[in-house]
Structures are given as C-alpha cells and as structure tokens.
Amino acid sequence: MTLTKAELADLLFEKVGLNKREAKDMVEAFFEEVRNSLEAGDSVKVSGFGNFMLRDKPQRPGRNPKTGEEIPITARRVVTFHASQKLKTAVEHLKNGSAAKP
Amino acid sequence: MTKSELIGRLALRFPQLVAKDADYAVNMILDAMADTLARGDRIEIRGFGSFALNYRPPRTGRNPKSGDKVLVPAKYVPHFKAGNELRERVDQSE
C-alpha cells in the first residue's frame, strides 16, 4: 500500500509515543525542513537513505507536442534524488512486475 | 543539511519533546520510507513529492578493466519526483 503522511503520523503515535497532534506536526515539519533547505539552495544529505541535490538547468528549446509550436523551456533549478547504496540494495532484488508502477 | 542537522532543527521546533524524540522520529520516518520501497510500494507525500521504483531490464555490460562481458541482471531503482510545491519553491526563476 502507498505510504502517506497519515501512515507516518500513525507510526510516530504508536511507536514514538507522540500524541496525535505532535505526530502529525512532526511529519509535516520533517518534510518542511527538507523543503526549506532546498529552497535556500542547500542540498539535503540523509545517510543511509539518499541525497536531495539541486541542479541548475539552462534554457533549452522545446516544443508544444500538440501544436508543434517551438517554445523555449526556460532555465530552472530542479531537485534530484540520489538513493544511497543501502536503499538501492534494498530494492534491486524485487521481481519484475512486483513493484508499484511510478 | 545533514540528517543530524535535520534532527537538530526539528528538536528546536518541538521544545516540549526531549531531543531524543526528534532523533527517534526522524529515523522512524526514514526507516518506514525505505521499508515501503523495499516491499515494492510507493510513497506519496503531498506537497513534497513521490518515490516509486523504475525497472531496469537485464543487459550485457562490460568489465571496463578486462573488457569481459558480464550479464547485469534486471533490477529496480528508486525514483523521486518532486511535487508541485517543492518544485515551485526551489525554482527561484519563477
């Protein structure tokens, strides 16, 4: 089943003993701190899980696939995630077709 | 920002909790995320992004040192797609 913020909050309530309010706020704050760091231009390195890095992409030519009209794709900063070796090893064994489609 | 800095920032946000709780919570969240992917399930965090698995079919690779052919078996690799809010906040050009 898909993991969401609600399941993570339940886990903190049951296993860490935070109250329901704190558990929900903690999950929200966790992702907000990661967003804040990335927004400030600082990458996030989580040992054992992976790194959230920033990439500055230059402007490049693009096309509206419907009309064929050429429009430039503007320069932008994007987030990329690089899984740790530990996480890569943990998922690579899965059999084809057993994993949820992206 | 490293994991320990993240724990420190969360501990500051929750002064009513003992510092160990922030540490425990962060590790619990990360373990749950890794376990979910290891089971072949997805993670969907609204406003942050989603984690899923991409399939890599088997291929014949080469040992770059010896030039020998080696069969690289099929595998899954983790993939992250940033959500709308994260994408917009990170892209200062907006």
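Read on for a plain summary of the structure.

1. A word on the interface of chain B and chain A
Many structure descriptions define interface size as the accessible area lost when the parts assemble. Opposite the 52 residues of chain B that make contact, chain A presents 57 residues. Carbon and sulfur atoms make up 69% of the area that chain B and chain A hide from each other, which totals about 5100 Å². The largest per-residue losses of area from chain B upon contact with chain A belong to M1, Y76 and R89 of chain B, which jointly make up 15% of the total buried on that side. Counting the contacts that link chain B with chain A gives four salt bridges. Linking E32 of chain A and R89 of chain B is a salt bridge whose minimum nitrogen-to-oxygen distance equals 3.1 Å. The interface formed by chain B and chain A holds 15 residue pairs in polar contact (both at pLDDT 80 or more) in total. Every element with two or more residues in the side of chain B that touches chain A is listed here: α1 (3–13), α2 (19–38), β1 (43–45), β2 (49–56), β5 (75–82) and α3 (84–90) of chain B.

2. Some thoughts on the sheet that holds β1 of chain B
Adjacent strands of a sheet form backbone hydrogen bonds with each other and so pair up, either parallel or antiparallel. Pairing is antiparallel across the open sheet formed by three strands, whose spatial order is β1-β2-β5 (chain B). Looking at which strands have only one partner, the edges of the open sheet turn out to be β1 and β5 of chain B. Each adjacent strand pair in this sheet contributes to an overall mean axis angle of 30 degrees, direction not counted. Here helix α3 (residues 85–92) of chain A sits on the sheet in contact with β2 and β5 of chain B, set at roughly 120 degrees to β5 of chain B.

Cut-offs used in this document
- Residues numbered from 1 in each chain as written.
- Chains lettered and ligands numbered in written order.
- Predicted model: local features only at pLDDT ≥ 70, side-chain atom pairs only at ≥ 80, totals over all residues.
- Heavy atoms only, no water.
- Contact = heavy atoms within 4.5 Å.
- Buried area = accessible area lost by both parts, 1.4 Å probe.
- Salt bridge = Lys/Arg side-chain N within 4 Å of Asp/Glu carboxyl O.
- Polar contact = N/O pair within 3.5 Å; in protein donor to acceptor, adjacent residues only side chain to side chain.
- Helix = DSSP H or I, 4+ residues; strand = E, 2+ residues; numbered from the N terminus.
- Pairing = 2+ DSSP bridges.
- Axes fitted to C-alpha atoms, helices over the stretch in contact; angles between N-to-C directions.

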